[in-house]
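Take a look at the letters that make up each chain.
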Amino acid sequence: MKIAFITNMKFQYRRVYPKRILDEIEKYAEISEVMNKRDLGKNKEYLRECEYIFSTWGMCKLTKDEVKEYFPKVKALFYAAGTVQYFAKPFLECGIKVFSAFAANAVPVIE
């Protein structure tokens with residue numbers, strides 16, 4: 001199984017996915033380097049085999065056609081941040097489940 005890590009804000013990646021988390025994920029799947037939208041074309045072969053996407057702040061906004069082109073086998077996108085409104089629709093339209101941390105993020109805001 002292959003997993004893609006995608007965000008346009010690569011500097012946030014290590015804050016959200018520290019080494020211990022990546023080590024745990026790597027027990028179950030091959031993981032990519034962190035990619036941004038500019039990296040998708042040159043990694044197209046790898047991405048076409050991915051089943052899952054992990055992201056955080058700065059997730060790439062893609063069209064439905066781009067989602068189909070780059071991620072034909074993706075089943076779910078895990079977004080380690082709040083709202084998914086700005087990027088999720090094309091993924092959902094392609095039958096990809098989108099999970100986010102919006103509920104967990106709401107707790108400290110409420111407190």
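Everything below is about the structure printed above this text.
What this report covers is the structure whose coordinates are included nearby. Just so we're clear, the structure is a prediction, and the values are computed from it rather than from any experiment.

**Quick look at the pairing of strand β5 (residues 97–100)**
Both faces of the sheet carry side chains from a regular strand, because those side chains alternate between them. Relative to β5, strand β4 (residues 76–79) runs parallel, the two being bridged by four bridges. The residue of β5 that forms the bridge with Tyr79 is Ser100.

**Digging into the sheet that holds strand β2 (residues 30–35)**
Read from one edge to the other, the open sheet built from five strands follows the order β2-β1-β3-β4-β5, with strand pairing classed as parallel. For this open sheet the edge positions go to β2 and β5, each flanked by a neighbour on one side alone. Between one strand axis and the next, the sheet turns through 20° on average, direction left out of account.

**Quick look at the pattern of salt bridges**
Under the counting rule described, the total for this entry stands at nine salt bridges. In this structure, Asp39 and Lys42 form a salt bridge, with 3.4 Å as the shortest nitrogen-oxygen distance. The exposure class assigned to Lys42 is exposed, which follows from its relative accessible area of 66%. Between Glu51 and Lys75 there is a salt bridge whose closest N-O contact spans 2.9 Å. Taken together, the positions of Glu51 in strand β3 (residues 50–55) and Lys75 in the loop between α4 (64–70) and β4 put the pair 24 residues apart, joining distant regions of the chain. Connected through shared salt-bridge partners, Lys10, Asp39 and Lys42 make up one network.

**Some details on the environment of Tyr86**
Tracing the chain through its elements places Tyr86 in the loop between β4 and α5 (88–93). Its relative accessible area of 35% is what places Tyr86 among the partly exposed residues. In this structure the C-alpha to C-alpha distance between Tyr86 and Lys61, which are 25 residues apart in sequence, comes to 7.1 Å. Apart from the residues lying within four places of it in its own chain, the contact partners of Tyr86 are Gly58, Met59, Lys61 and Tyr79. A distance of 2.9 Å separates a polar side-chain atom of Tyr86 from the backbone nitrogen of Met59.

Criteria and cut-off values
- Residues numbered from 1 in each chain as written.
- Predicted model: local features only at pLDDT ≥ 70, side-chain atom pairs only at ≥ 80, totals over all residues.
- Heavy atoms only, no water.
- Pairing = 2+ DSSP bridges.
- Helix = DSSP H or I, 4+ residues; strand = E, 2+ residues; numbered from the N terminus.
- Axes fitted to C-alpha atoms, helices over the stretch in contact; angles between N-to-C directions.
- Salt bridge = Lys/Arg side-chain N within 4 Å of Asp/Glu carboxyl O.
- Buried < 20%, exposed > 50% of the residue type's maximum accessible area, 1.4 Å probe, protein only.
- Contact = heavy atoms within 4.5 Å.
- Polar contact = N/O pair within 3.5 Å; in protein donor to acceptor, adjacent residues only side chain to side chain.

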